[in-house]
Amino acid sequence: MTSSGSLDPAELDTPESQLIADQIFDGLVGYDPGTGAVVPAVAETWDVRDGGRRFVFRLRGDATFHDGSPVTADRFVFAWNRLADPGRAAPFAFLLESIAGYRAFHAELEAPSLTGVRAANPRTLEVQLTRPWPDFIAVLGHPALSPLPASAEDAGFALQPVGNGPYRVATQAVPGSPVTLERHDAYHGPPAVVPNVVFAFHG
């Protein structure tokens, strides 16, 4: 591997950083390792309504961040608005283009946030699209669309982010140096088989 870059989901700009972030964060859905099919992750179930323009996700109640705080619907609202923030040069903000209010917020600077994303309650996330998008569910496992804790605004988050995935960053990463991940024993899904993973970089 070459360089990890930032591990902040809003700043993922290299294949290496995306690979590592995918171990640290869980999105609404995941992918079956054998078939690539979409499978539930933080979202236990979801409904597609209004002809494919509205999605209602019901979140599992046992998902937590590595700091022990709960993963709730408002953490997705926070993360997606942060990703679409026009003040950031987020490489994967375009994944949110079909969400209602994206253009007014991100491009036209006429709205303070995405109008198409809201937390109906702690375990229900509602998403409104501007038009039907059959592949919308399939992109939701991208690490850029992961939920974020309040600490995402803290200094140093990009090098030692607090995620909600099967691995946590053991120590603050140093650009160009190996990144060590350790198994997160409180992970809501199947436990990681390997207790520690080290990503080494070269070149």
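Everything here concerns the structure above.
Residues numbered from 1 in each chain as written. Predicted model: local features only at pLDDT ≥ 70, side-chain atom pairs only at ≥ 80, totals over all residues. Heavy atoms only, no water.

### Looking at unusual backbone geometry
Positive phi is not limited to glycine here, since D50 has a value of about 50°. Secondary-structure assignment places D50 in the loop between β3 (43-49) and β4 (54-59). In this structure, L109 takes a positive phi of about 55° despite not being glycine. Tracing the sequence through the fold places L109 in the loop between α3 (102-107) and β5 (117-121). Of the residues examined, L109 reaches a relative accessible area of 60% and is grouped as exposed. (Helix = DSSP H or I, 4+ residues; strand = E, 2+ residues; numbered from the N terminus. Buried < 20%, exposed > 50% of the residue type's maximum accessible area, 1.4 Å probe, protein only.)

### What about the environment of P70?
Mapped onto the secondary structure, P70 falls in the loop between β4 and α2 (73-84). Measuring from C-alpha to C-alpha, the distance between P70 and P149 comes to 8.6 Å, with 79 residues separating the pair along the chain. Ignoring anything within four residues of it in the chain, the contact list for P70 reads A63, T64, F65 and R75. (Contact = heavy atoms within 4.5 Å.)

### So, the pairing of β3
Across six bridges, the pairing between β3 and β4 is antiparallel. Looking at the pairing, V48 lines up with F55 of β4. (Pairing = 2+ DSSP bridges.)

### Description of the nonpolar core
Ranked by size, the top nonpolar core spans 56 residues in total, and within it L28, F57, W80, L96, L125, V127 and L140 carry the most contacts. For this core, the elements supplying multiple residues, two or more each, are α1 (15-24), β4, α2, α3, β6 (124-128), α4 (136-139), β7 (167-169) and β8 (179-183). A total of seven residues in this core trace back to one element, the largest contributor, which is α2. Leaving out residues up to four positions away in the same chain, W80 has contacts with L28, L96, I99, L114, V117, V127, F136, L140 and L145. (Core = buried A, V, L, I, M, F, W, Y, C linked by side-chain atoms within 4.5 Å.)

### Structural notes on the sheet that holds β6
With respect to topology, four strands assemble into an open sheet ordered β3-β4-β6-β5, the strand pairing being antiparallel. Edge positions in the sheet fall to β3 and β5, since each has one partner strand and no second. The average angle at which neighbouring strand axes cross in this sheet is 20°, direction not considered. With five bridges connecting them, β4 and β6 associate as antiparallel partners. Residue pairing across strands places R58 opposite T124, the latter belonging to β6. Lying over the sheet, α2 contacts β4, β5 and β6, oriented at roughly 165° with respect to β5. (Axes fitted to C-alpha atoms, helices over the stretch in contact; angles between N-to-C directions.)

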